[in-house]
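Remarks on the overall topology
Residues per chain are reported as follows:
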Amino acid sequence: GAVVSQHPSRVICKSGTSVKIECRSLDFQATTMFWYRQFPKQSLMLMATSNEGSKATYEQGVEKDKFLINHASLTLSTLTVTSAHPEDSSFYICSAGGLAGVTNEQFFGPGTRLTVL
Amino acid sequence: QKEVEQDPGPLSVPEGAIVSLNCTYSNSAFQYFMWYRQYSRKGPELLMYTYSSGNKEDGRFTAQVDKSSKYISLFIRDSQPSDSATYLCAMRETSYDKVIFGPGTSLSVIP
């Protein structure tokens, strides 16, 4: 299957700082990327969907000014958690999809564990 | 009622057992059904991908979809300790729609 990477794999930051997480599709061009958040022992909750070159579509209840998503190219999407607080501590996972002509499946990155002190 | 329901477990079985994992859903528009395996602190890994009703087999894994009952299953034969993980069912309406995940079932296979 296609490979999706995330960087960093884990980050610890102080309350009030901003954190950027990168999601890259390594061997294919992804027209759509998805960002999920997963709290311990819970399922993945979709935060937003981003298409290359356009604004992200956020799910209900997700603050778009707090979780900034940029999808500048077909291989890179970034999620910036602005002014992070302890309640933002979670496992953030991206997925990439839209491999035209190959599969409609989503391929997931390994996740980024964010801890806000 | 949640859109996708799944027994969270934990489910503990001896090595070699047949494991049955299930999900029910409420949205009759779902057409694509997936099973993902997620190891602790890792991203989900796609196991099975099925369109509409029917069965699909891949090695020790068999996925079943019954759209009339809004019920999907994943069977694991000859379970191994390496199968110990959380299994997430997932589904969506169209091939490019957002994926809705179940809460996951935690499975432990005891040697």
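On to the sheet that holds strand β3 (residues 19-25) of chain A. All names here are of chain A. Ordered in space as β1-β3-β8-β7, the four strands form an open sheet in which the pairing is antiparallel. Looking at which strands have only one partner, the edges of the open sheet turn out to be β1 (4-7) and β7 (67-73). Going across the sheet, the axis of each strand differs from the next one's by a mean of 15°, ignoring polarity. Two strands pair when backbone bridges link them, and β1 and β3 are joined in this way by four bridges, in the antiparallel orientation. Opposite H7, over in β3, you have E22 as the bridge partner.

By a frequent convention, interface size equals the accessible area lost on bringing the separate parts together. Facing the 19 residues of chain A at the interface are 19 residues of chain B. When chain A packs against chain B, close to 1500 Å² is buried across both sides, 51% of that on carbon and sulfur atoms. Inspection of the chain A/chain B interface yields zero salt bridges. When contributions to the side of chain A that touches chain B are tallied by element, the ones reaching two or more residues are β4 (32-38) and β9 (90-97) of chain A. The element contributing the most residues to the side of chain A that touches chain B is β4 of chain A, with three residues. Of the residues in the side of chain A that touches chain B, the class split is nine nonpolar, seven polar and three charged.

So, about the confidence of the model for chain B. Summarising the model, chain B shows a mean pLDDT of 92, and 99% of its residues fall at 70 or more. Element-level mean pLDDT values for chain B span from 89 in strand β5 (residues 45-51) of chain B up to 97 in strand β8 (residues 71-76) of chain B.

The next subject is the nonpolar core. Ranked by size, the top nonpolar core spans 25 residues in total, and within it V4, W35, F67, L79, Y92 and L114 of chain A carry the most contacts. Counting residues in hydrophobic clusters, the runner-up holds 24 residues, among them Y25, L74, C89 and V109 of chain B.

Here we take up the state of the cysteines. Taken as a whole and assessed by the stated rule, the structure comprises two disulfides over all chains. In this model, C23 of chain A is linked to C94 of chain A through a disulfide, with the two sulfur atoms separated by 2.0 Å. An S-S torsion of about 80° defines the bridge between C23 of chain A and C94 of chain A as right-handed. Of this pair, C23 of chain A sits in strand β3 while C94 of chain A is found in strand β9, placing the two residues 71 residues apart along the sequence. Residue C23 of chain A shares its accessibility class with C94 of chain A, and that shared class is buried. With a sulfur-sulfur separation of 2.0 Å, C23 of chain B is cross-linked through a disulfide to C89 of chain B. Negative torsions about the S-S bond denote left-handed disulfides, and the value of about -100° found for C23 of chain B with C89 of chain B makes this one left-handed.

Rules used throughout
- Residues numbered from 1 in each chain as written.
- Chains lettered and ligands numbered in written order.
- Predicted model: local features only at pLDDT ≥ 70, side-chain atom pairs only at ≥ 80, totals over all residues.
- Heavy atoms only, no water.
- Pairing = 2+ DSSP bridges.
- Helix = DSSP H or I, 4+ residues; strand = E, 2+ residues; numbered from the N terminus.
- Axes fitted to C-alpha atoms, helices over the stretch in contact; angles between N-to-C directions.
- Contact = heavy atoms within 4.5 Å.
- Buried area = accessible area lost by both parts, 1.4 Å probe.
- Salt bridge = Lys/Arg side-chain N within 4 Å of Asp/Glu carboxyl O.
- Nonpolar A, V, L, I, M, F, W, Y, C, P; charged D, E, K, R; others polar.
- pLDDT = per-residue confidence, 0-100.
- Core = buried A, V, L, I, M, F, W, Y, C linked by side-chain atoms within 4.5 Å.
- Buried < 20%, exposed > 50% of the residue type's maximum accessible area, 1.4 Å probe, protein only.
- Disulfide = S-S within 2.5 Å.

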